[in-house]
Each structure stands twice: as structure tokens, then as C-alpha cells.
Amino acid sequence: MTLRQSHFVPPVPLVIAQARGLIDPELLEVHRARGSQEQLAGLLAGDLDVVVTAIDNLFAWTQAGADVRLVAQIESTTAIGVYARAGVERIDDLAGTRFGVDAATNGFSIVARHLMEHAGIDVEYVEVGGVRERGEAMQGGVIDATLLGPPYDATAVASGCTLLTNVVDALPGFPGQGLVVRGEVATSPELVEYLAAMQRAVDLGASLDDEAGPAVLADAGFGGGAQAMWATRPRTLAVDPAGLDLLTEMRERLGLLPAGADLHILHDPEPLRAAETRTS
């Protein structure tokens, strides 16, 4: 079986694995995601097996009927920040503006809502799509601000947009994107093989210094965003329980926590344990 994966930007371990020949090309078929709703639709239809996505999406996706499991955390944190069109210099200046998000009430929009509530301001949330689509919408004047990450943040800055704050500083402990799979895929040998390749890439990444690592990403097309992406590389693929708790607490404060929701129940550590056994 070939695993069909959707991601917005290739995660660092995958870039390393492909660059160093650690993964069988026939094992993985990759697709660039244009939005989390597209990822959900693919999982529900059985057209996707694996997605790299904001872990918070699991709250909404399980409510939509998706049988999914969180099997790994593919970033230590997510290198995203709040960027605004030229002329906006502070978070406070966003009051009443159009803030572009992927989905209005899940994913990274929860980060935006948390930051806006902390600043005591209201914005209009406009569903635009994935990180590339949001960057293009802001540069085109469709929205006034959004959350962006490498390499699209560098493109935004080059066009005159401003970084107002970044998630690493504003939300210490915020978890990076997760590797989410359909329930039936969680028990497949192909997933274990894939995770083993990702684990070998994580181990190799630990041996690369802060010049060699970003160079691998730059060669893969990250350009000026290579350094920021490298900084968020995972030192382990294990899911951080504290990160799951933080996401739950954020939703609870915003009044958006579904009754009975528990990210810990959706976390299945067994495929990663099997993969680690293969690489030990």
C-alpha cells in the first residue's frame, strides 16, 4: 500500500528523509493541502491516509465523524506568526480588520482567537484556506492579517507586510503539527515503515549543525525560511502530552471545547513504538 499524505508544507523529517534516501519513494504519495477542510474530506472519503495538520483540528474532525488517530508530532512547535498588511504596526491596530484563517473555529484559528482575546480586540474571521492561500490573500488585499509560516512568511515580508508577534514567544509550549491517520491505517505495516523512516530522519537531523540542517531545507525550496523551519524540527516524534493539555485549555477559555472531548484518547502511541523497535 502506498500511503497518501497531505501537508501544507513538507515537514523537516520528510525533507531530510527524501534528501538522504531514507524512505522508499513508492511508500509515500504527497499532496499539497489547500485547506484543512480538504484534508478532512480526503480522510472521510478514504482518499487520504495521512495528514500533517494542526493537532487542534482533531476536535472538529471527530465531531464531523472522522475516525482518526494522532500517531506522532512532526514539529517541536509551529513556526507561525501574525502578519499584517503594510501600515499595521501593532496587534491593537487589528481591531475591526479582516483576519484570514483556514477554518473559523478550529486549527490555527484557535491561536488567532486566543491572541485577539488577550489583546482585547475583535476582528472579522475570513476563511481563506491554507498558509499559501492566506499569504496570497493578504498580499492581494482580500484580508488585512493572518498567521503565516515558512516559506510564505518571507514572501509576505518582502511584499511589505509586517510581523506583529510569533507563536513561539506568545504561546510557549504550543505543540507543532501532528501526524494524523485514518483509524484503519494506524495498524498498517506501511505506517510503521513510514514512521521508522521519519525516526531515522530525526536521528540524522540531530547530527546536523545549524548550517548543514538549514542547507538541506534551502535545497528543498525553503529559501529564507529554512532557518526558521530548522528551529522547529522535532527532537522526537513522540506527542507532547503538555501540548495536548494546552490546546484543551485554550479552547476551554474561549468557550469552544466540545463536551467530552479528549485529545489524549485520540493519541495512539503504538505505531511509533513499533517504529522505534525497528530502528533500535
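Residues numbered from 1 in each chain as written. Predicted model: local features only at pLDDT ≥ 70, side-chain atom pairs only at ≥ 80, totals over all residues. Heavy atoms only, no water.

### Some points on the overall build of the protein chain
As a reminder, the rule being used: Only DSSP runs of H or I reaching four residues or more are called helices, and only runs of E reaching two or more are called strands; each is numbered from the N terminus. Only C-alpha atoms enter the radius of gyration, while the globule expectation follows 2.2 Å times N to the 0.38, with N the number of residues. Note on contacts: a residue pair qualifies if any of its non-hydrogen atoms lie within 4.5 Å across the two residues.
Summing up its helical and strand segments, the protein chain has 13 helices and 10 strands in all. Taking 19 Å as the expected radius of gyration for a compact globule of 280 residues, we find that the protein chain reaches 18 Å, a close match to that expectation. In terms of its C-alpha atoms, the protein chain occupies a principal-axis envelope of roughly 50 × 45 × 30 Å. Taking all contacts inside the protein chain whose residues are at least 6 apart in sequence as the whole, residues at least 24 apart take part in 80%.

### Digging into empty space enclosed by the protein
Using the following cut-off: For each structure, a 1 Å grid was placed over the protein atoms alone; sets of points admitting a 1.4 Å probe that cannot get out are labelled cavities, open sets with protein on both sides within 12 Å along at least five of seven lines are labelled pockets, and lining residues have an atom within 4 Å of a point. Grid points are joined across faces, edges and corners, and a volume is the space filled by probe spheres set on the points. Classification convention: Asp, Glu, Lys, Arg as charged; Ala, Val, Leu, Ile, Met, Phe, Trp, Tyr, Cys, Pro as nonpolar; all other residues, Gly among them, as polar.
Taken as a whole and assessed by the stated rule, the structure comprises 1 cavity of 30 Å³ or more. The calculated volume of the largest cavity comes to roughly 320 Å³. Surrounding the largest cavity, 29 residues form its lining, Phe8, Phe108, Val131, Arg134 and Gln177 being those nearest its centre. The residue inventory of the lining of the largest cavity, partitioned by class, reads 15 nonpolar, 11 polar and 3 charged.

### Looking at the pairing of strand β10 (residues 178-182)
Operational definition: Summary of the burial criterion: residues with accessible area below 20% of their type's maximum are buried, those above 50% are exposed, and those between are partly exposed, where the area comes from a 1.4 Å probe applied to protein chains only. A pair of strands counts as paired when DSSP detects no fewer than two bridges linking them.
Counting buried positions along β10 yields 5 of 5 residues, so the element is predominantly enclosed. In the sheet, strand β3 (residues 50-53) pairs with β10 via 4 bridges, with the strands oriented antiparallel. What sits directly across from Thr53, in β10, is Gly178. Relative to β10, strand β4 (residues 68-73) is paired through 5 bridges, and the arrangement is antiparallel. By the bridge assignment, Val68 is partnered in β10 with Arg182.

### What about the sheet that holds β3?
Strand pairing in a sheet is mediated by backbone hydrogen bonds. Such pairs are either parallel or antiparallel. Just so we agree on the cut-off: In this analysis, axes come from line fits to C-alpha atoms, helices being fitted only over the stretch in contact, and the angle between any two N-to-C directions falls in the range 0 to 180 degrees.
Pairing is mixed in the open sheet, where 5 strands are placed in the order β2-β1-β3-β10-β4. The strands lining the two open edges of the sheet, one partner per strand, are β2 (28-32) and β4. Neighbour-to-neighbour, the strand axes of the sheet open up by a mean angle of 25°, direction not taken into account.

### Considering the pattern of salt bridges
Put simply, the rule reads: Basic side-chain nitrogens of Lys or Arg form a salt bridge, by our definition, when they fall within 4 Å of a carboxyl oxygen of Asp or Glu.
As enumerated under the stated definition, the model contains 12 salt bridges in all. Note that Arg182 and Glu184 form a salt bridge whose closest N and O atoms lie 3.3 Å from each other. Among the ionic contacts, a cluster of salt bridges with common partners joins Arg4, Asp49, Arg182 and Glu184.

### Observations concerning the sheet that holds strand β9 (residues 162-166)
Taken in spatial order, the 5 strands make up an open sheet running β7-β6-β8-β5-β9, and their pairing is mixed. Either end of the sheet is taken by a strand with one partner, and the two such strands are β7 (124-127) and β9. Averaged over all pairs of adjacent strands, the angle between their axes in this sheet comes to 30°, without regard to strand direction. Sheet analysis places strand β5 (residues 81-84) next to β9, joined by 4 bridges and oriented antiparallel. Bridging from a neighbouring strand, Tyr83 pairs with Leu163 of β9. Along the sheet, helix α5 (residues 131-139) contacts β5, β6 (98-101) and β8 (145-148); its crossing angle with β8, the most-contacted strand, is approximately 145°.

### Structural notes on the packing of helix α1 (residues 12-19) against helix α9 (residues 212-222)
Heads up, the rule is: By the definition adopted for this analysis, an angle is roughly parallel if under 35 degrees, roughly antiparallel if over 145, roughly perpendicular if from 65 to 115, and oblique otherwise.
Contact pair α1 / α9: the axes reach a minimum separation of 10 Å and the direction vectors enclose 90°. In terms of their interaxial angle, α1 and α9 are classed as roughly perpendicular. Along the contact surface, α1 presents Val12, Val15 and Ala19, while α9 presents Val216, Leu217, Ala220 and Phe222. Residues of the contact of α1 with α9, tallied by class, amount to 7 nonpolar, no polar and no charged.

### Comments concerning helix α13 (residues 270-279)
Quick note on the threshold: Relevant arc is that of directions from the helix axis to the C-beta atoms, nothing else.
Among the residues of α13, those classed as buried are Pro271, Leu272 and Ala275. The buried residues of α13 occupy one face: seen down the axis, they fall within an arc of 95°. Buried-residue contacts for α13 involve β4 and α8 (189-207).

### Comments concerning the nonpolar core
For clarity, the cut-off: Residue types Ala, Val, Leu, Ile, Met, Phe, Trp, Tyr and Cys, when buried and joined through side-chain atoms within 4.5 Å, form a set referred to as a nonpolar core.
Counting 49 residues, the largest nonpolar core has Ile23, Leu179, Tyr194, Met198 and Leu217 as the members making the most contacts within it. Top element by residues in this core is α8. It accounts for 9 residues. Discounting residues that sit within four places of it in the chain, Leu217 has contacts with Val12, Val15, Phe222, Ala226, Met229 and Trp230. Counting residues in each nonpolar core, the second largest holds 42 residues, with Ala54, Ile80, Leu147 and Val239 among its members.

### A few points about unusual backbone geometry
Here Pro150 and Pro151 are connected by a cis peptide whose omega angle stands at -5°. Along the polypeptide, Pro151 turns up in the loop between β8 and α6 (152-158).

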